Amino acid sequence: MTNIYRPAFTFVVLFTLLLGIAYPLSITGISLALMPANARGSLIVSNDKIIGSSLIGQAFTSERYFWPRPSATGEFPYNAAASSGTNLGTTSQKLKDMVKVEIDRLHSAGIIGALPVDAVTSSGSGLDPHISPDYARDQVARVAKARNLDVAKVGALVESHIEGRSFGFIGEPRVNVLRLNMALDSLQP
């Protein structure tokens with residue numbers, strides 16, 4: 001009877017060692033050698049202090065900063081442990097109510113006119129660190145006023161932080177909110 005189970009047990013142990021330990025360690029080693037910053041979480045460091053990741057959004061709420069898109073992670077915005085979308089369809093009344101609240105909030109903050117979709121809806125993961133260039137441009141006047149900066153100077157900062165499509169054809173142009181806000185902090189009034 002043991003002759004029947006021995007090959008199965010041997011293959012389970014062998015493939016566990018191979019695919020569960022050796023393969024992940026080798027891929028981790030290769031990624032650390034080729035792209036160390038990416039392999040360590042794309043962390044953003046300022047003054048020898050980790051202030052975030054370029055892959056996960058942060059909840060900026062001050063008038064002095066560019067705001068991210070809404071987060072779908074619930075009570076604690078941009079909580080990576082609760083990554084998920086709202087899974088609400090376009091006919092959902094709850095989604096319509098959430099969008100209406102965001103539209104009213106942005107209009108009361110002085111952002112007028114039609115708003116980009118990313119200004120009022122969360123991303124699929126609820127953690128997206130990017131906003132559209134249009135949403136960033138819509139916030140320029142508000143941020144410039146709050147910081148007592150020239151609107152043209154803040155607008156130029158936004159334009160300089162627009163990231164193009166990945167590989168020239170994947171995705172849409174975008175602005176990383178954390179990187180933009182860091183650059184904003186370095187501007188002098």
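Above this text sits the structure in question.
Rules used in this analysis
- Just so you know, the residues in each chain are numbered from 1, in the order the chain's sequence is written.
- Per-residue local features are limited, in this predicted model, to residues with pLDDT of at least 70; the limit for side-chain atom pairs, both in listing and counting, is 80 or more; totals at the level of whole chains, interfaces and linings are taken over all residues.
- Note that water and hydrogens are dropped before the side-chain values are worked out from all heavy atoms of the structure.
- Only DSSP runs of H or I with at least four residues qualify as helices, and only runs of E with at least two residues qualify as strands; both kinds are numbered from the N terminus onward.
- Type-normalised accessible area, obtained with a 1.4 Å probe on protein chains alone, sets the label of each residue: buried when under 20%, exposed when over 50%, and partly exposed for intermediate values.
- Expected span of a helix, by definition, is 1.5 Å for each gap between consecutive residues, and there is one gap fewer than residues.
- For a residue, the bend is simply the angle between two axes, fitted respectively to the seven-residue segment ending there and the seven-residue segment starting there.
- Pairs of N or O atoms within 3.5 Å make up the polar contacts considered here, provided that, within protein, one atom can donate a hydrogen while the other can accept it, and that residues adjacent in sequence are counted only when both atoms are side-chain atoms.
- Any two residues whose heavy atoms approach within 4.5 Å at even a single point are treated as in contact.

A. Spotlight on unusual backbone geometry. Phi is positive for Asp48, close to 60°, though the residue is something other than glycine. Within the fold, Asp48 resides in the loop between β1 (43-46) and β2 (49-53). One non-glycine residue, Phe167, lies in positive phi territory at about 60°. Residue position: Phe167 is located in the loop between β4 (162-163) and β5 (174-176). We classify Phe167 as exposed; its relative accessible area is 75%.

B. Seen up close, helix α1 (residues 2-34). Under the 1.5 Å per step criterion, the end-to-end length of α1 is 46 Å for 33 residues, consistent within 8% with the ideal 48 Å. Maximal helix bending in α1 amounts to about 30°, located at Ala22; proline Pro24 follows within four positions.

C. Representation of the side chain of Arg142 in the model. Along the chain, Arg142 falls in helix α4 (residues 133-147). Within the structure, Arg142 has its side chain in polar contact with the backbone oxygen of Tyr65 (distance 3.0 Å). Within polar-contact distance, the side chain of Arg142 engages the side chain of Gln139 at 2.5 Å. Excluding its chain neighbours within four sequence positions, the residues that come into contact with Arg142 are Ser62, Glu63, Tyr65, Phe66, Trp67, Ala109 and Ile111.

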